[in-house]
Amino acid sequence: MATDVKDHAAMPLRLIAYISEYTGKPENIGADLADIRRVAKRFNRENGISGVLFFLNNRFMQVLEGEAGTLSALLRKIEADPRHTHLSYLLNAPITQRELADWNMDTFHLTQSEVFRPQTLQAVTRIYTANVEPDARSFLTLLEDMLNDPEVLRIVNH
Ligand SMILES: Cc1cc2nc3c(=O)[nH]c(=O)nc-3n(C[C@H](O)[C@H](O)[C@H](O)COP(=O)(O)O)c2cc1C
């Protein structure tokens, strides 16, 4: 339908992924994650944004999908959030359809040993490759930052 085409053109979708460093004390991450999840689940559902948030080794990794304008407004708030710093984008790509509709800001607080579980790595890979051309450099950066240890990355690599 003509209106559908117009609506899609007016509301481009984007997929965004970033990593950042937690600024809080280790003992506060549970409460901070719970607060982020509570606020995000509601806001994201009401604004058509889906996503997932990982926490590992004092770092966040978040993947978000939604309408471009809504997402960039949210990211301005996230970038200014004092609970993290050194936010670095891994992905900021146009997409043609939603793939993460089932992910309403679930949060995963992973330990080092959990990263090596096949289910964890498969879930991360699935999210990463959803609808974008995988790029080896950014994917390895993502893994490296999740694992935060070059020795560990080498083991994954071989
Ligand atoms: C790592 C991280 C991820 C976040 N993800 C989201 C999110 O997906 N959706 C959301 O509404 N807020 C998210 N927040 C919280 C926002 O930064 C902000 O606190 C929230 O949007 C409320 O802002 P406001 O009080 O100015 O409305 C996140 C915060 C952090 C630190």
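Residues numbered from 1 in each chain as written. Predicted model: local features only at pLDDT ≥ 70, side-chain atom pairs only at ≥ 80, totals over all residues.

Peer 1: Explain the overall build of the chain here, please?
Peer 2: If you tally the helices and strands in the chain, you get seven helices and five strands. Starting at the N terminus, the α and β elements of the chain follow one another as α-β-α-β-β-α-β-β-α-α-α-α. Expressed as a percentage of the 158 residues in the chain, the buried residues total 20%. Of the contacts made within the chain by residues no fewer than 6 positions apart, 77% connect residues no fewer than 24 positions apart. (Helix = DSSP H or I, 4+ residues; strand = E, 2+ residues; numbered from the N terminus. Buried ≥ 20, exposed ≤ 12 C-beta atoms within 10 Å, placed from the backbone. Contact = placed C-beta atoms within 7 Å.)

Peer 1: Could you clarify how one ought to interpret the nonpolar core in this entry?
Peer 2: Here is a general trend for soluble globular proteins: nonpolar side chains tend to be buried in one another's company. Formed by 22 residues in total, the largest nonpolar core has its most connected members in Ile 16 and Phe 54. Those elements that place two or more of their residues in this core are strand S1 (13-22), helix H2 (29-46), strand S2 (50-56), strand S3 (59-67) and helix H5 (118-129). Apart from residues lying up to four places away in sequence, Phe 54 is in contact with Phe 60, Met 61, Phe 108 and Leu 110. (Core = buried A, V, L, I, M, F, W, Y, C linked by C-beta atoms within 7 Å.)

Peer 1: Help me understand the environment of Asn 47, please; the structure alone is not making it clear to me.
Peer 2: Along the chain, the position of Asn 47 falls in the loop between H2 and S2. Residue Asn 47 is classed as partly exposed on the basis of its C-beta count, with 13 C-beta atoms lying within 10 Å. With near-sequence residues (within four places) excluded, Asn 47 lies in contact with Gly 66 and Thr 70.

Peer 1: What should I look at first to understand the pairing of S2 in this one?
Peer 2: Remark: a regular strand shows side chains that alternate across the two faces of the sheet. With five of seven residues buried, S2 is to be regarded as a mostly interior element. Bridge count between S2 and S3: seven bridges; the pairing is antiparallel. The partner of Gly 51 across the bridge, within S3, is Leu 64. As consecutive antiparallel partners, S2 and S3 are separated by two residues, and within that stretch Asn 57 has a phi angle of approximately 50°, a positive value. With five bridges joining them, S2 and strand S5 (residues 104-109) adopt parallel strand pairing. Bridge pairing in S5 places Phe 55 opposite His 109. (Pairing = 2+ DSSP bridges.)

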